[in-house]
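# Coordinate inspection notes
This is what each chain is made of:
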Amino acid sequence: MAYNKINLTMLTDFYELTMAGGYFENGMKDVIATFDMFYRRNPDEGGFAIMAGLEQTIEYMKTLSFTEEDIAYLRTKGIFSEAFLDYLRDFTFSCDVWAVEEGTPIFPGEPIVTVRGPIIQAQLVETMVLLTINHQSLIATKASRIVRAADGRSVMEFGSRRAHSYDGAVYGARAAYIGGCVGTACTISDRDFGVPALGTMAHSWIQSFDSEYEAFCAYARQYPNSCTLLVDTYNVLKSGIPNAIKAFKEILLPMGCRPKGIRIDSGDLTYLSKKARKMLDDAGFPDCQICASNSLDEYIIADMLRQGAPIDSFGVGERMITASSEPVFGGVYKVVSINKDGVEIPKIKISENVAKITNPCFKNLYRLYDRETGKALADVITLFDEEIDDTEPYTIFDPEHTWKRKTLTNFRAVKLRKQIFRKGALCYELPELGAVKRRCADQLETLWDEVKRFENPHSYYVDLSEKLWNCKQELLHRA
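The present account deals with the structure reproduced in this document. The structure displayed is predicted, hence computed values, not measured ones.

Scoring rules and cut-offs
- Residues numbered from 1 in each chain as written.
- Predicted model: local features only at pLDDT ≥ 70, side-chain atom pairs only at ≥ 80, totals over all residues.
- Heavy atoms only, no water.
- Helix = DSSP H or I, 4+ residues; strand = E, 2+ residues; numbered from the N terminus.
- Buried < 20%, exposed > 50% of the residue type's maximum accessible area, 1.4 Å probe, protein only.
- Contact = heavy atoms within 4.5 Å.
- Lys, Arg positive; Asp, Glu negative; His and termini not counted.
- Charge placed at Lys NZ, Arg CZ, Asp CG, Glu CD.
- Pairing = 2+ DSSP bridges.
- Axes fitted to C-alpha atoms, helices over the stretch in contact; angles between N-to-C directions.
- Core = buried A, V, L, I, M, F, W, Y, C linked by side-chain atoms within 4.5 Å.
- Phe/Tyr/Trp six-rings, centres within 6.5 Å; stacked < 30°, edge-to-face > 60°.
- Expected span 1.5 Å × (residues − 1).
- Polar contact = N/O pair within 3.5 Å; in protein donor to acceptor, adjacent residues only side chain to side chain.
- Parallel < 35°, antiparallel > 145°, perpendicular 65-115°, else oblique.
- Left-handed = near helix turned anticlockwise from the far one by under 90°.
- Nonpolar A, V, L, I, M, F, W, Y, C, P; charged D, E, K, R; others polar.
- Arc of directions from axis to C-beta.
- Patch = residues over 30% accessible without salt bridge, like charges linked within 9 Å, V, L, I, M, F, W, Y side chains within 5 Å.
- Areas by Shrake-Rupley, 256 points an atom, 1.4 Å probe, with all protein chains shown as cover.
- Salt bridge = Lys/Arg side-chain N within 4 Å of Asp/Glu carboxyl O.

### Topic: the overall build of the protein
If you tally the helices and strands in the protein, you get 16 helices and 21 strands. A principal-axis box enclosing the C-alpha atoms of the protein has dimensions of 80 × 60 × 40 Å. Across the 479 residues of the protein, 54% fall into the buried class. At a minimum sequence separation of 6, the contacts of the protein that also span at least 24 residues come to 73%. One finds the centroid of the 56 positive side-chain charges in the protein at a distance of 3 Å from the centroid of its 65 negative side-chain charges.

### Quick look at the sheet that holds strand 11 (residues 313-316)
What the 6 strands build is an open sheet, ordered 7-6-11-10-9-8; its pairing is parallel. Every other strand in the sheet has two partners, leaving strand 7 (183-184) and strand 8 (228-230) as the edge strands with one partner each. In this structure, strand 8 lies alongside strand 9 (residues 261-264), joined through 3 bridges in parallel fashion. Within strand 9, the position partnered with Leu229 by the bridge is Ile262. Contacts between helix 11 (residues 236-252) and the sheet are confined to strand 8 and strand 9, with strand 9 contributing the most and set at about 160 degrees to the helix.

### With respect to the nonpolar core
Grouped together as the largest cluster of nonpolar side chains are 134 residues, with contacts concentrated most on Val113, Phe248, Ile262 and Phe314. Contact partners of Phe248, with chain neighbours within four places excluded, come to Cys227, Leu229, Leu253, Pro259, Gly261, Ile262, Leu280, Phe285 and Cys288. Tyr366, Leu377, Val380 and Tyr394 belong to the second-largest nonpolar core, a separate cluster that totals 11 residues.

### Let's talk about the sheet that holds strand 19 (residues 417-422)
Taken in spatial order, the 7 strands line up as 13-12-1-5-3-19-20 in an open sheet, and their pairing is antiparallel. Each edge of the open sheet carries a strand with a single partner, namely strand 13 (343-346) and strand 20 (425-426). Running at roughly 140 degrees to strand 12 (residues 331-340), helix 6 (residues 126-149) makes contact with strand 1 (32-39), strand 5 (113-118) and strand 12 of the sheet.

### Let's talk about the packing of aromatic side chains
Applying the stated criterion to the full structure yields 21 aromatic pairs. Between Trp98 and Phe384 the ring centres are 5.1 Å apart and the planes differ by 65 degrees, which places this aromatic pair in the edge-to-face class. Taken together, the positions of Trp98 in strand 3 (residues 96-100) and Phe384 in the loop between strand 15 (376-383) and strand 16 (394-397) put the pair 286 residues apart, joining distant regions of the chain. A relative accessible area of 9% means that Trp98 is categorised as buried.

### Here's the deal with helix 15 (residues 433-444)
Because each turn of an α-helix spans 3.6 residues, side chains separated by three or four positions in sequence point in the same direction. With 12 residues, helix 15 should cover 16 Å at 1.5 Å per step; its first-to-last C-alpha distance of 17 Å lies within 8% of that length. Every buried residue of helix 15 is listed here: Leu433, Gly434, Val436, Lys437, Cys440, Gln443 and Leu444. Taken together, the buried residues of helix 15 touch strand 2 (49-50), strand 4 (105-106), helix 6, helix 7 (165-178), helix 8 (187-193) and strand 14 (363-370). One side-chain oxygen of the residue at the start of helix 15 lies 2.8 Å from the amide nitrogen of Gly434, identifying that residue as Glu432.

### Comments concerning the environment of Arg221
By the secondary structure assignment, Arg221 is in helix 10 (residues 212-222). Spatially, the C-alpha atom of Arg221 lies 8.8 Å from that of Met255, the residues being 34 residues apart in sequence. In contact with Arg221, not counting residues within four places along its chain, are Ile251 and Met255.

### Topic: the side chain of Arg116
Along the chain, Arg116 falls in strand 5. Using a relative accessible area of 14% as the deciding quantity, one classes Arg116 as buried. There is a polar contact of 2.9 Å between the side chain of Arg116 and the side chain of Glu344. Arg116 has contacts with Ile32, Ala33, Thr34, Cys95, Asp96, Trp98, Ser337, Asn339, Glu344 and Phe362, leaving out every residue within four places of it along the chain.

### Concerning the packing of helix 3 (residues 68-76) against helix 4 (residues 82-89)
Packing of helix 3 against helix 4 leaves a shortest axis separation of 10 Å and a crossing angle of 160 degrees. Comparing the axis directions of helix 3 and helix 4 gives the class roughly antiparallel. Crossing handedness for the pair helix 3 and helix 4: right-handed. Residues Glu68, Ile71, Leu74 and Arg75 of helix 3 form the contact with helix 4, whose participating residues are Glu82, Leu85, Leu88 and Arg89. Taken together, the residues of the contact of helix 3 with helix 4 sort by class into 4 nonpolar, no polar and 4 charged.

### Points about helix 12 (residues 269-282)
Given a rise of 1.5 Å per residue, 14 residues ought to cover 20 Å, and the 20 Å separating the end C-alpha atoms of helix 12 matches this to within 8%. Three or more residues of helix 12 are buried, namely Leu269, Thr270, Leu272, Ser273, Ala276, Arg277 and Leu280. The buried side chains of helix 12 occupy one side of the element, clustering within an arc of 155 degrees when seen end-on. Seen from the buried face of helix 12, the exposed residues on the opposite side, beyond 90 degrees, are Lys278 and Asp282.

### A look at a nonpolar patch on the surface
There is a patch of nonpolar side chains on the surface, built from Phe14, Tyr73 and Ile79 and spanning about 280 Å² of accessible area. Structurally, Tyr73 is set in helix 3.

### What to know about the pattern of salt bridges
Considering all chains together, one arrives at 31 salt bridges under this definition. When the shortest N-O distance is used, the salt bridge between Asp312 and Arg277 registers 4.0 Å. Taken together, the residues Asp312 in the loop between helix 13 (298-306) and strand 11 and Arg277 in helix 12 connect sequence positions 35 residues apart. Classification of Asp312 as partly exposed rests on a relative accessible area of 27%. Counted as one network, the salt bridges with shared partners bring together Asp44, Lys142, Arg145 and Glu298.

Structure follows, in structure tokens:
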């Protein structure tokens with residue numbers, strides 16, 4: 001379900017409209033073009049990224065239409081013909097779309113979304129495809145890193161107030177859940193997407209009472225079955241923990257309840273959690289969990305755990321919801337083929353920067369899995385109509401250093417993308433968000449630990465089929 005009902009058809013870069021007008025006036029409106037979305041490098045120098053944002057991309061494509069207000073605005077620009085404006089007024093999305101499913105690990109250079117259809121339509125969706133997939137994939141990837149650093153301990157997304165706008169908060173919470181978080185502080189994301197809303201109190205709750213102890217007692221009476229107390233308003237060890245223990249004993253135990261936990265939001269979290277753990281255990285509350293928050297990320301969490309911090313869960317805010325260590329997911333959207341009169345013409349962008357040379361042609365994407373271990377061995381980008389026969393040996397090779405070759409046997413070849421739209425009609429059944437989250441966890445298990453390292457991860461193989469490689473070389477030589 002989309003919480004935002006605004007018509008986003010006009011959320012385009014203006015050049016998409018000027019090009020559309022140019023295509024129309026040059027008799028090209030019915031030319032079939034194929035565009036790929038891909039990205040060039042993993043955030044944080046990681047080994048992979050997590051695909052997210054497809055559901056919102058689908059919602060956008062389903063509702064594409066220009067309003068009379070849109071047409072009136074475009075007329076004021078003074079550069080578009082009435083015939084072109086009439087075309088936009090009657091606009092109906094009729095493209096074919098393929099995409100990697102949400103929650104899937106993805107790698108640089110792979111066509112994670114392909115849009116194929118009339119060139120004006122395929123061009124117009126560029127901005128929304130990019131901003132939607134880029135943002136949610138970025139946050140899901142960062143969340144995955146943080147969740148893996150927590151090593152089985154729960155991670156909650158607490159970043160709403162630091163997000164880049166309300167959309168960033170709402171969809172960021174959704175993406176963080178896909179990446180492995182157990183829930184969010186963002187209530188609307190629970191209402192609309194089913195991401196569990198979590199949270200207890202702020203320091204203002206404690207400060208609103210005459211004493212910390214009274215604040216704790218009031219909260220314990222109000223929420224006896226889910227009582228987690230924030231213990232760092234004044235002094236964690238001298239005030240917060242002693243008052244929490246007193247409230248647990250005098251309020252919760254007589255009610256037949258046990259405390260759920262305490263939260264520490266400032267100070268040396270490793271030192272304080274160790275001391276707090278001992279105090280709680282000595283008081284008879286070994287089941288009382290410790291939650292830590294305060295500008296955490298994957299590196300801080302990993303360090304704390306290496307130092308023996310007895311923390312059971314983490315609340316992570318701005319460094320997750322903004323992916324502050326690398327806040328841009330560099331997805332791009334490039335034309336890869338034009339079909340004129342039934343003839344497919346591959347297109348390539350050439351640059352002195354080798355990383356910016358595109359892979360031409362209408363393509364498909366396979367992932368090859370070892371049948372014995374279930375681990376992913378490599379991804380192969382092929383021409384669209386190519387089939388990889390996994391009953392026969394298959395040779396992969398490095399696209400840049402072609403002498404590096406490996407012949408695979410006993411593998412399983414899986415097409416990684418699903419068709420989402422067929423001639424503009426939705427043909428994909430959207431999974432519920434919990435299933436996407438489970439898919440992400442399951443797919444991460446197919447990656448070797450070496451690929452999942454934070455520092456200097458192993459480079460996963462993304463190769464081109466021989467036919468695609470030959471086509472690319474022919475275009476390069478011709479250019």
